[in-house]
Amino acid sequence: MKSKDLHLDEDQVIRSVVDENDLSVSVRDHLSTCSACQRKKEQIEKELTSLGRMAKESAPLPRQEIRLPFHKPRGLWSWRPVFATGLAVILLIAGVWWSGLLVTTSGEKMTARIIGETENDRQLMAEIDALEEYVPYDFYPDISGESDPDYFVEFLEFVVPLE
Amino acid sequence: MMADINYQVAELAEKARAGDRASLEQLVNHFHEEIFRMVYYRTRSRMDAEDLTQEIFMRMSKNLSGLKDAGRIRPWLYCIALNRVRDFHRKKRILSFFGTTTELDAVAQATAGSNNNPGDNVMQKEFRLQLHRFTEGLSRWEREVFMLRFVDHLRIREIAEALKKSENTIKTHLYRALKKFRENPGLRDLLRGEAL
């Protein structure tokens, strides 16, 4: 049987859909005269045309217009990303400044407290020094159990020798 | 008829390249819907398609002076669009790697691309789902060539120019993709029903 009489196989039909010119001359001749092979080819092409049409119908249409570089300046609403960025930067700066203020304020409070405590300590030390300098003898005889003041001085020198 | 349109488009491209703003606007209007659809089928997100389409035309207007042959504006524009879509997917993969977008987002977007199209009918949703399933089963180049040929209606020569490959390579990918298409009952049944 001549190749001219053979129907196109599946591969050849697909090749004819891709590009008919890629088929051999004899196969092309057969295709041009065989209605059965043409139907096979047309069936695939019909499905592919249908695919293209459905793809077009099933895709949404664009909503936004294309803006080209030379178009007019944008409206206020379209500047919203710029506004948002600006606002974010301002908030960031305010945040940094505020936190700095907080640090300063708490630092000042801390300094004042330290000064107060130092003053208290100084007063306490002054009282202790005063106590050392001027011992309130009248209080201690009760502790020693003696009423004689001289005895008490001796007693103190015994407890805390001066030399 | 087709040759007339191609001639007019080439003329617009020529004028736009020379700095004619009106021609550039007409050129953008001519390709807007087509490029948006092309991007939409590759991102499955209306919002991303809007943003990318804007970027593509900005790039087109910026680089138009570099177009050597005004008659080749269509494959040249598709080349820009394909590169932008590729960048988009690359960026998305990087973000997904760092956990900024999740796999769940990707799946939801893949299957529900219809959520943002209020005018959808069941058939259109089913078509998109079947097309997505079919193209997922193709290799990257088979998918790209198949989509450019049968969804975007580019000729083999135009596809070769847009993808910067030889026509024979394009034909080979197209042949393989068509073989898989013939073996895909879901999409073909849907199309046969539609073709009747």
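This structure is a prediction, so every number in the text was calculated from the model and none was measured.

### Details of the overall build of chain B
Turning to step 1, where the next piece is worked out: Secondary structure summary: chain B contains 10 helices and zero strands in total.
Turning to step 2, where the next piece is worked out: Starting at the N terminus and ending at the C terminus, chain B contains elements arranged as α-α-α-α-α-α-α-α-α-α.
Turning to step 3, where the next piece is worked out: Out of the 196 residues in chain B, the part that is buried amounts to 47%.
Turning to step 4, where the next piece is worked out: Taking the intrachain contacts of chain B between residues at least 6 apart in sequence as the baseline, contacts between residues at least 24 apart amount to 63%.
Turning to step 5, where the next piece is worked out: Counting every atom, chain B has about 10,300 Å² of accessible surface; 52% of that belongs to carbon and sulfur.

### Looking at the confidence of the model for chain B
Turning to step 1, where the next piece is worked out: Confidence in the prediction for chain B averages 88 pLDDT; 87% of positions are at 70 or higher.
Turning to step 2, where the next piece is worked out: When pLDDT is averaged over each element of chain B, helix H7 (residues 140-151) of chain B comes out on top at 97 and helix H5 (residues 103-112) of chain B at the bottom at 53.

### Notes on the nonpolar core
Turning to step 1, where the next piece is worked out: Ranked by internal contacts, the top residues of the largest apolar core, which has 74 residues, are Leu51(A), Met60(B), Phe127(B) and Phe146(B).
Turning to step 2, where the next piece is worked out: Ranked by the residues each element gives to this core, the list is headed by helix H2 (residues 21-43) of chain B, at 10 residues.
Turning to step 3, where the next piece is worked out: Apart from the residues within four sequence positions on either side, Leu51(A) is in contact with Phe127(B), Leu131(B), Phe146(B), Phe150(B), Val151(B), Phe181(B), Leu187(B) and Leu191(B).

### Quick word on the layout of surface pockets
Turning to step 1, where the next piece is worked out: Taken as a whole, the second largest pocket encloses approximately 560 Å³ of empty space.
Turning to step 2, where the next piece is worked out: In this structure, the second largest pocket is lined by 24 residues; those nearest its centre are Met2(B), His30(B), Glu34(B), Arg74(B) and His153(B).
Turning to step 3, where the next piece is worked out: Of all elements in the fold, only helix H3 (35-58) of chain A together with helix H1 (2-17), H2 and helix H4 (73-97) of chain B reach the threshold of two or more residues within the lining of the second largest pocket.
Turning to step 4, where the next piece is worked out: Each residue belonging to the lining of the second largest pocket can be placed in one class, and the counts come to 10 nonpolar, five polar and nine charged.
Turning to step 5, where the next piece is worked out: Looking at which domains feed residues into the lining of the second largest pocket, each of domain 1 (1-102) and domain 2 (112-196) of chain B gives three or more.

### Observations regarding H1(B)
Residue and element names in this part refer to chain B.
Turning to step 1, where the next piece is worked out: Here H1 is 16 residues long and its end C-alpha atoms lie 22 Å apart, about the 22 Å a rise of 1.5 Å per residue gives.
Turning to step 2, where the next piece is worked out: Summarising the contacts, the buried residues of H1 are in contact with H2 and H4.
Turning to step 3, where the next piece is worked out: Immediately downstream of H1, the backbone of Gly 19 shows phi near 105 degrees, a positive value.

### Thoughts on the pattern of salt bridges
One side chain can pair with another of opposite charge once the charged atoms of both are near each other.
Turning to step 1, where the next piece is worked out: A complete count under the given rule lists 26 salt bridges over all chains for this structure.
Turning to step 2, where the next piece is worked out: A salt bridge links Arg192(B) to Glu47(A); the nearest nitrogen and oxygen atoms lie 3.2 Å apart. Of the two residues, Arg192(B) sits in helix H10 (residues 185-195) while Glu47(A) sits in helix H3, which places them in two different chains.
Turning to step 3, where the next piece is worked out: A residue is classified by how much of its surface remains accessible, and Glu47(A), at 0% relative accessible area, is buried.
Turning to step 4, where the next piece is worked out: Between Glu144(B) and Arg42(B) there is a salt bridge; the shortest N-O distance is 2.9 Å. Of this pair, Glu144(B) sits in helix H7 while Arg42(B) sits in helix H2, and the two are 102 residues apart along the sequence. Pair check on accessibility: Glu144(B) and Arg42(B) agree, each one buried.

### Here's the deal with the interface of chain A and chain B
The parts lose accessible area when they come together, and the size of an interface is often stated as this lost area.
Turning to step 1, where the next piece is worked out: The interface of chain A with chain B comprises 35 residues on the first partner and 44 residues on the second.
Turning to step 2, where the next piece is worked out: Buried area between chain A and chain B, both sides added, is near 3,800 Å², and the carbon and sulfur share of it is 65%.
Turning to step 3, where the next piece is worked out: Considering only the side of chain A, the residues that lose the most area to chain B are Glu47(A), Leu51(A) and Ile66(A), jointly responsible for 16% of the buried surface there.
Turning to step 4, where the next piece is worked out: The interface formed by chain A and chain B contains six salt bridges.
Turning to step 5, where the next piece is worked out: Remark: the boundary between chain A and chain B carries 14 residue pairs in polar contact (both at pLDDT 80 or more).
Turning to step 6, where the next piece is worked out: Among the elements of the structure, helix H1 (10-18) and H3 of chain A are those that each provide at least two residues to the side of chain A that touches chain B.
Turning to step 7, where the next piece is worked out: A per-element tally of the side of chain A that touches chain B places H3(A) first, with 14 residues.
Turning to step 8, where the next piece is worked out: Among the residues forming the side of chain A that touches chain B, the class breakdown is 16 nonpolar, six polar and 13 charged.

### Comments concerning a nonpolar patch on the surface
Turning to step 1, where the next piece is worked out: Together, Trp79(A), Val82(A) and Phe83(A) give the surface a local cluster of nonpolar side chains, amounting to about 290 Å² of exposed area.
Turning to step 2, where the next piece is worked out: Relative to the elements of secondary structure, Phe83(A) occurs in helix H4 (residues 80-133).

### A few points about the packing of aromatic side chains
All names here are of chain B.
Turning to step 1, where the next piece is worked out: Evaluated as defined, the whole model comprises six aromatic pairs over all chains.
Turning to step 2, where the next piece is worked out: Both rings, one in Phe 146 and one in Phe 181, keep their centres 5.8 Å apart while their planes meet at 40 degrees; by these two values the pair is tilted. You can see Phe 146 sitting in helix H7 and its partner Phe 181 sitting in helix H9 (residues 167-182), a full 35 residues away along the chain.
Turning to step 3, where the next piece is worked out: With relative accessibility at 0%, the residue Phe 181 sits in the buried group.
Turning to step 4, where the next piece is worked out: Grouping aromatic residues by their ring pairs yields a cluster made of Phe 134, Phe 146, Phe 150 and Phe 181.
Turning to step 5, where the next piece is worked out: Positioned above the aromatic ring of Trp 141, the side-chain terminus of Arg 140 is 4.4 Å from the ring centre.

Rules used throughout
- Residues numbered from 1 in each chain as written.
- Chains lettered and ligands numbered in written order.
- Predicted model: local features only at pLDDT ≥ 70, side-chain atom pairs only at ≥ 80, totals over all residues.
- Heavy atoms only, no water.
- Helix = DSSP H or I, 4+ residues; strand = E, 2+ residues; numbered from the N terminus.
- Buried < 20%, exposed > 50% of the residue type's maximum accessible area, 1.4 Å probe, protein only.
- Contact = heavy atoms within 4.5 Å.
- Areas by Shrake-Rupley, 256 points an atom, 1.4 Å probe, with all protein chains shown as cover.
- pLDDT = per-residue confidence, 0-100.
- Core = buried A, V, L, I, M, F, W, Y, C linked by side-chain atoms within 4.5 Å.
- 1 Å grid on protein atoms, 1.4 Å probe; cavity = no way out; pocket = protein on both sides within 12 Å on 5 of 7 lines; lining within 4 Å.
- Points joined across faces, edges and corners; volume = space filled by probe spheres on them.
- Nonpolar A, V, L, I, M, F, W, Y, C, P; charged D, E, K, R; others polar.
- Domains from an automatic or database assignment.
- Expected span 1.5 Å × (residues − 1).
- Salt bridge = Lys/Arg side-chain N within 4 Å of Asp/Glu carboxyl O.
- Buried area = accessible area lost by both parts, 1.4 Å probe.
- Polar contact = N/O pair within 3.5 Å; in protein donor to acceptor, adjacent residues only side chain to side chain.
- Patch = residues over 30% accessible without salt bridge, like charges linked within 9 Å, V, L, I, M, F, W, Y side chains within 5 Å.
- Phe/Tyr/Trp six-rings, centres within 6.5 Å; stacked < 30°, edge-to-face > 60°.
- Lys NZ or Arg CZ within 6 Å of the ring centre and 35° of its normal.

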